[in-house]
Amino acid sequence: TWVFHADAFGHPSSTQNPGNAIRNYYPGDDWVDWIGVSFYGRLRDGPAKDFVATMDALYVELEKISPTKPFAILEIGIREDFARTDKPRWIAQAYGTLAAGRYPRIKAVSWWNKPRRPNGERSYLEIDSSPQSLAAYREAVAPDIFVETARVSGE
């Protein structure tokens with residue numbers, strides 16, 4: 001299985017540099033089984049990116065890349081900001097929107113649970129960066145849509 005994996009936002013962004021659009025890097029459906037993106041609500045200080053508004057635009061771009069390949073959010077996360085307790089709300093919104101089926105071609109999602117940056121500084125991206133965030137995540141991923149039950153042969 002081959003996955004094409006791109007940053008949802010690109011650096012520099014495709015609005016600043018149209019040549020940096022995800023579609024310009026896609027090798028084609030003959031070479032790829034899945035299209036994946038990394039989506040972070042906030043990595044450092046500053047306001048969080050709204051999940052729905054951002055994903056609505058990103059999803060349209062992904063659909064232009066391929067009409068058939070399944071999509072995955074290979075890395076998703078948001079930095080805990082203790083001055084603004086929005087991480088639990090952001091988690092609930094993101095996973096609630098996915099569970100509701102707003103983006104039907106997204107077939108997989110994986111939380112990026114990295115506690116440290118390369119320089120050793122704490123990232124606050126881990127899912128248990130606060131008890132509230134962990135509780136929000138557990139509640140958000142409880143729906144059956146986020147669990148695939150493995151079938152044992154003979155059942």
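Cut-offs used in this document
- Residues numbered from 1 in each chain as written.
- Predicted model: local features only at pLDDT ≥ 70, side-chain atom pairs only at ≥ 80, totals over all residues.
- Heavy atoms only, no water.
- Buried < 20%, exposed > 50% of the residue type's maximum accessible area, 1.4 Å probe, protein only.
- Helix = DSSP H or I, 4+ residues; strand = E, 2+ residues; numbered from the N terminus.
- Arc of directions from axis to C-beta.
- Contact = heavy atoms within 4.5 Å.
- Salt bridge = Lys/Arg side-chain N within 4 Å of Asp/Glu carboxyl O.

Asks: Describe helix 3 (residues 131–140), and please don't skip the residues or the numbers.
Replies: Looking only at helix 3, the buried set comprises Ser133, Ala136 and Ala140. Buried residues of helix 3, viewed axially, fall in a sector of 65 degrees; they line one side. With respect to the buried face of helix 3, the exposed residues turned more than 90 degrees away are Pro131, Arg138 and Glu139. Buried residues along helix 3 sit against helix 2 (87–99).

Asks: Any chance you could break down the pattern of salt bridges for me, citing the residues and the numbers?
Replies: Counted by the stated rule, this structure contains six salt bridges. Between Glu61 and Arg23 there is a salt bridge, with its nearest N and O atoms 3.0 Å apart. Of the two residues, Glu61 sits in helix 1 (residues 51–65) while Arg23 sits in the loop between strand 1 (3–7) and strand 2 (34–40), which places them 38 residues apart along the sequence. Residue Glu121 pairs with Arg117 through a salt bridge whose shortest N-O separation is 3.4 Å. Take Glu121: its relative accessible area is 36%, and that puts it in the partly exposed class. The structure contains a network of salt bridges with shared partners spanning Arg23, Glu61 and Lys64.

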